[in-house]
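Here is how the chains run, residue by residue.
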Amino acid sequence: MTALSGKNVVLIVSGGIAAYKSVEVCRRMVDMGAHVAPIMTSDAEHFIGKTTLSALASEPVRTTLWDDADPIPHTRLAQRADLIVVAPATARLIGSYAAGISSDMAVATLIATRAPVLVCPAMHTEMWEHAAVADNIATLRRRGVSILEPSVGRLAGGDVGAGRLADPERIVAEVERLLSPADLSGLHVVISTGGTREPIDAVRVIANRSSGKQGIALAREAVARGAKVTLVSTVDVESQPALDVVDVETAEEMREAMVRYASGADVIVMAAAVADVRPARVADGKLKKNPATGQIEGLSAIDLEPTTDILAELGASRKSGQTLVGFAAETSDLVANATSKLQRKGVDLIVANDVSKPGVGFGHGTNAVTLVASDGRTREVALADKRSIAGEILDEVVRIRGSRAN
Ligand code: CTP
């Protein structure tokens, strides 16, 4: 399940060069389980073919109020919609919408709906900065319409400036946010993800197989549910509004970052696979091979020392009202091991997974977990994509916080 599963989304495409990006927005929303009903203005047809959108959307594209057996297609679509997204939105469409002039199928549908609306403008900088457009945007904002501001970048004709349509992934992230419960709104969530790398010498590290996917899914889900998220990560992650990424590599760097951000956090999730040990000494430069023996001196035996258990440290020093979540990768006795970890490290919730099972944990796009809470509740979540698992984990966090507040 995603925030888009089973949701009716109307995608309105108006006539700008960026119309081609709406195809990607459409495909992603359909992939996430939405029923996408597309509408194109007649100007949009100059930029993309109707066939393209019709083939990728959940139903054929509509362009006019008049060519359908249905005499009132705009009200039917508008009433059924859970959300309407306009991408790209031209100055003309924004103006008609703000003025309430239902001159075509697109604006008629916008005016006939009570669903949330997301407008993603795209136009030349001069147009975007024109007082008429600025006033119309302010009017729409005042009426509760969400505006995803255009970004600064290369525009049609080679100019560079503000007015570029937001990237499809940002548009879809905003759609997800608008369709998700805002149950983490106002909270600061700090999450660690990825596997730490501990240096042996200038080029070699001790690493693990963690892909960071579960922590990234948690971060994106928390943002969709209204949180401000800090993601402390060993893997590359694209930041997005309300998501700050802090790059780290070693367990010690991760510890420093987590301790720094934990003081202001409401929810902390240690999803990272932190190395339990690291080389006691890091060799200067690169350890070289002895040509006579083929051995790399200093590599046949490495002295290891323990790293700090970050989760336990956060558990010991946490402030009241903070919710602390840990992970447990196990191969046997899942609940018993998770329960003892929960008590030992002083956390509220352990997300335990049996990494010996197919499709579970490290490197996979899917996961199956058992949620073990300190209030005695245990819940199994069957194999699902990591984003859905993230939703289940955050549901449990919301439950724990709610029961504590009562
Ligand atoms: N963890 C941590 N710091 C470490 C090691 C682990 O914060 N140095 C966190 C992980 O991010 C995870 C949890 O502790 O949230 C559980 O890690 P795991 O390796 O499963 O547990 P261990 O305590 O190392 O126990 P064991 O390896 O014996 O199962």
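Reading the values: rules and limits
- Residues numbered from 1 in each chain as written.
- Predicted model: local features only at pLDDT ≥ 70, side-chain atom pairs only at ≥ 80, totals over all residues.
- Heavy atoms only, no water.
- Helix = DSSP H or I, 4+ residues; strand = E, 2+ residues; numbered from the N terminus.
- Buried < 20%, exposed > 50% of the residue type's maximum accessible area, 1.4 Å probe, protein only.
- Areas by Shrake-Rupley, 256 points an atom, 1.4 Å probe, with all protein chains shown as cover.
- Lys, Arg positive; Asp, Glu negative; His and termini not counted.
- Charge placed at Lys NZ, Arg CZ, Asp CG, Glu CD.
- Contact = heavy atoms within 4.5 Å.
- Axes fitted to C-alpha atoms, helices over the stretch in contact; angles between N-to-C directions.
- Parallel < 35°, antiparallel > 145°, perpendicular 65-115°, else oblique.
- Left-handed = near helix turned anticlockwise from the far one by under 90°.
- Domains from an automatic or database assignment.
- Buried area = accessible area lost by both parts, 1.4 Å probe.
- Near = heavy atom within 4 Å.
- Polar contact = N/O pair within 3.5 Å; in protein donor to acceptor, adjacent residues only side chain to side chain.
- Nonpolar A, V, L, I, M, F, W, Y, C, P; charged D, E, K, R; others polar.
- Pairing = 2+ DSSP bridges.
- Salt bridge = Lys/Arg side-chain N within 4 Å of Asp/Glu carboxyl O.

## Some remarks on the overall build of the protein
The secondary structure content of the protein amounts to 13 helices and 19 strands. Counting across all 406 residues of the protein, residues that qualify as buried make up 50%. Total accessible area on the protein is roughly 18,300 Å²; 51% of this is exposed by carbon and sulfur atoms. Side chains of the protein carry 44 positive and 49 negative charges; the gap between the two charge centres is 1 Å.

## Examining the environment of C26
Within the secondary structure, C26 sits in helix α1 (residues 19-31). For C26 and A219, which are 193 residues apart along the polypeptide, the C-alpha to C-alpha distance reads 23 Å. In contact with C26, not counting residues within four places along its chain, are L11, V36, L53, L56 and A57.

## As for the packing of helix α4 (residues 91-99) against helix α7 (residues 131-142)
One can describe the packing of α4 onto α7 by two numbers: an axis separation of 9 Å at closest approach and a directional angle of 50 degrees. What the angle tells us is that α4 and α7 run oblique. In this structure, the crossing between α4 and α7 has a hand that is left-handed. Of the residues in α7, those in contact with A91, I94, G95, Y97 and A98 of α4 are V133, N136, I137, T139 and L140.

## Observations regarding the environment of A224
If you trace the backbone, A224 turns up in helix α9 (residues 213-224). Owing to a relative accessible area of 4%, A224 belongs among the buried residues under this scheme. Distance in space between the C-alpha atoms of A224 and S185 is 9.3 Å, their sequence separation being 39 residues. When neighbours within four sequence positions are excluded, A224 is seen to be in contact with E176, R177, S180, P181 and R387.

## Considerations on the domain arrangement of the protein
Split into domains, the protein comes out as domain 1 (8-179) and domain 2 (188-405). Measuring from the centre of the C-alpha atoms in domain 1 to the corresponding centre in domain 2 gives 39 Å. Each side of the interface is counted separately: domain 1 has five residues, and domain 2 has six residues. Interface area for domain 1 against domain 2, summed over the two sides, is near 440 Å², with a carbon-plus-sulfur share of 47%.

## A look at unusual backbone geometry
What is expected of a backbone is that most residues other than glycine have negative phi and most peptide bonds are trans. Looking along the chain, the bond that leaves A87 and enters P88 is cis, with omega of -5 degrees. With respect to the element layout, P88 can be found in strand β3 (residues 83-89). Residue A242 is not a glycine yet carries a positive backbone phi of 75 degrees. Along the polypeptide, A242 turns up in the loop between β11 (228-233) and β12 (243-247). Of note, D333 is a non-glycine position whose phi angle comes to about 45 degrees, a positive value. Looking at where D333 falls in the secondary structure, it is placed in the loop between β16 (323-330) and α12 (334-345).

## Some remarks on the site of the ligand
Near the ligand, the surroundings consist of 17 residues, among which M270, A272, L311, F327 and K345 are the closest. A distance of 2.8 Å separates an oxygen atom of the ligand from a polar atom in the side chain of K341. Listing elements by their share of the shell around the ligand, those giving two or more residues are α11 (310-317), β16 and α12. Taken together, the residues of the shell around the ligand sort by class into nine nonpolar, three polar and five charged.

## Describing the packing of α9 against helix α13 (residues 386-405)
Their axes nearest at 8 Å, the elements α9 and α13 cross at an angle of 60 degrees. Here α9 is positioned oblique relative to α13, judged by the angle of their axes. With respect to the hand of their crossing, α9 and α13 are arranged in right-handed fashion. Here K213, Q214, A217, L218, R220, E221, A222 and A224 of α9 come into contact with α13, specifically with K386, R387, I389, A390, G391, I393 and L394. Residues that form the contact of α9 with α13 fall into these classes: eight nonpolar, two polar and five charged.

## Some points on the side chain of T63
Counting through the fold element by element, T63 comes out in the loop between α2 (50-56) and α3 (73-80). Under the relative-accessibility criterion, T63 is labelled buried at 12%. Residues in contact with T63, not counting those within four places in the same chain, are M40, E45, K50 and M105.

## Quick notes on the side chain of T307
Looking at where T307 falls in the secondary structure, it is placed in the loop between β15 (304-306) and α11. For T307, the side chain forms a polar contact with the main-chain oxygen of A275, separated by 2.6 Å. The residues contacting T307, other than those within four sequence positions of it, are A251, A275, D276, V277 and R278.

## Regarding the sheet that holds β3
Reading across the sheet, the five strands line up as β2-β1-β3-β4-β5 and stay open at both edges, with parallel pairing between neighbours. Because the sheet does not close on itself, it has two edges, and the strands there are β2 (35-40) and β5 (146-147). Pairing between β3 and strand β4 (residues 117-121): four bridges, direction parallel. Counted as the bridge partner of V86 is V119 from β4. Relative to the sheet, α1 contacts β1 (8-13), β2 and β3, its axis offset from that of β1 by approximately 170 degrees. Helix-sheet contacts for α3 involve β1 and β2, and the interaxial angle to β2 is about 140 degrees.

## Remarks on the pattern of salt bridges
Counted under the stated rule, the structure contains 29 salt bridges. Ionic pairing is found between D31 and R27, a salt bridge with its closest N-O pair at 2.7 Å. Residue D31 and its partner R27 are both found in helix α1; the two are separated by four residues, about one turn of the helix. The exposure class of D31 is exposed, given its relative accessible area of 56%. Taking the relative accessible area as the measure of exposure, R27 reaches 32% and is therefore partly exposed.

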